[in-house]
Amino acid sequence: MSDVKRIAAAAEQEAQANQWAVAIAIVDDGGHLLSFQRLDGAAPISAHIAPAKARTAALGRRESRVYEEMINGGRMSFLSAPEIDGLLEGGVPLMIDGHCLGAVGVSGVKSSEDAQIAKAGVAALGT
């Protein structure tokens, strides 16, 4: 099974185990979409938010929640940052030996739950 399929399956399993209807996006290190799935019942807007969160995590080489925290802390300038528009928790980079291979982005439930699902996908890369 390819790494992308393993990541997607683990993220989907985490979502389904919790009965969370979400969209799950996996991108490469340049933010290009490699895998996408919208689970039954996920809001249509989640199909746009999940890839944006993944792209933001991949390009920034950090969890997308970092940007949300900066903005909430008053650094509103990040709202105008180029190429990143998923400035909400739920995007997690795939880091191996200090190198970013891509990211997982999830949208559809509470942001912390989105991140939980994304981290389950990322964890599958190590197994």
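Our structure is the block above this text.
Reading the values: the criteria
- Residues numbered from 1 in each chain as written.
- Predicted model: local features only at pLDDT ≥ 70, side-chain atom pairs only at ≥ 80, totals over all residues.
- Heavy atoms only, no water.
- Helix = DSSP H or I, 4+ residues; strand = E, 2+ residues; numbered from the N terminus.
- Expected span 1.5 Å × (residues − 1).
- Buried < 20%, exposed > 50% of the residue type's maximum accessible area, 1.4 Å probe, protein only.
- Arc of directions from axis to C-beta.
- Pairing = 2+ DSSP bridges.
- Axes fitted to C-alpha atoms, helices over the stretch in contact; angles between N-to-C directions.
- Contact = heavy atoms within 4.5 Å.
- Core = buried A, V, L, I, M, F, W, Y, C linked by side-chain atoms within 4.5 Å.

**Thoughts on helix α1 (residues 3–17)**
Here is step 1: Taking 1.5 Å per residue as the helical rise, α1 with its 15 residues ought to reach 21 Å, and the 21 Å between its terminal C-alpha atoms agrees with that figure.
Here is step 2: Turning to α1, its buried residues are I7, A8, A10, A11 and A15. One side of α1 carries all its buried residues, which in axial view fall inside an arc of 165°. What points out from α1, more than 90 degrees from its buried face, is the exposed set K5, Q13 and A17.
Here is step 3: After α1 finishes, the residue Q19 shows a positive phi value of roughly 55°.

**What about the sheet that holds strand β4 (residues 99–107)?**
Here is step 1: Pairing is antiparallel in the open sheet, where four strands are placed in the order β2-β1-β4-β3. Both edges of this open sheet fall to β2 (33–38) and β3 (91–96), since each of them pairs with a single strand only. On average, adjacent strands in this sheet sit at an angle of 15° to one another, irrespective of strand direction.
Here is step 2: Where β3 meets β4, six bridges bridge the pair, whose relative direction is antiparallel. From the neighbouring strand, P93 faces β4, where its bridge partner is A103.
Here is step 3: Packing against the sheet, helix α2 (residues 46–60) makes contact with β1 (23–28), β2, β3 and β4, and its axis sits at approximately 155° to β4.

**Regarding the nonpolar core**
Here is step 1: In terms of nonpolar packing, the biggest core is built from 17 residues, with I7, V22, I24, L94, V104, V106 and I117 touching the most fellow members.
Here is step 2: Sorting the residues of this core by element identifies α1, β1, β3, β4 and α4 (111–124) as the ones contributing at least two each.
Here is step 3: The biggest single contributor to this core is α1, with four residues.

**What to know about α2**
Here is step 1: Along its 15 residues, α2 runs 21 Å from first to last C-alpha, staying within 8% of the 21 Å computed at 1.5 Å per residue.
Here is step 2: The complete set of buried residues in α2 reads S46, A50, P51, A52, K53, A54, T56, A57, A58 and G60.
Here is step 3: Where α2 is buried, its residues contact β1, β2, α3 (65–72), β3, β4 and α4.
Here is step 4: Phi turns positive, to about 60°, at R61, one or two residues after α2.

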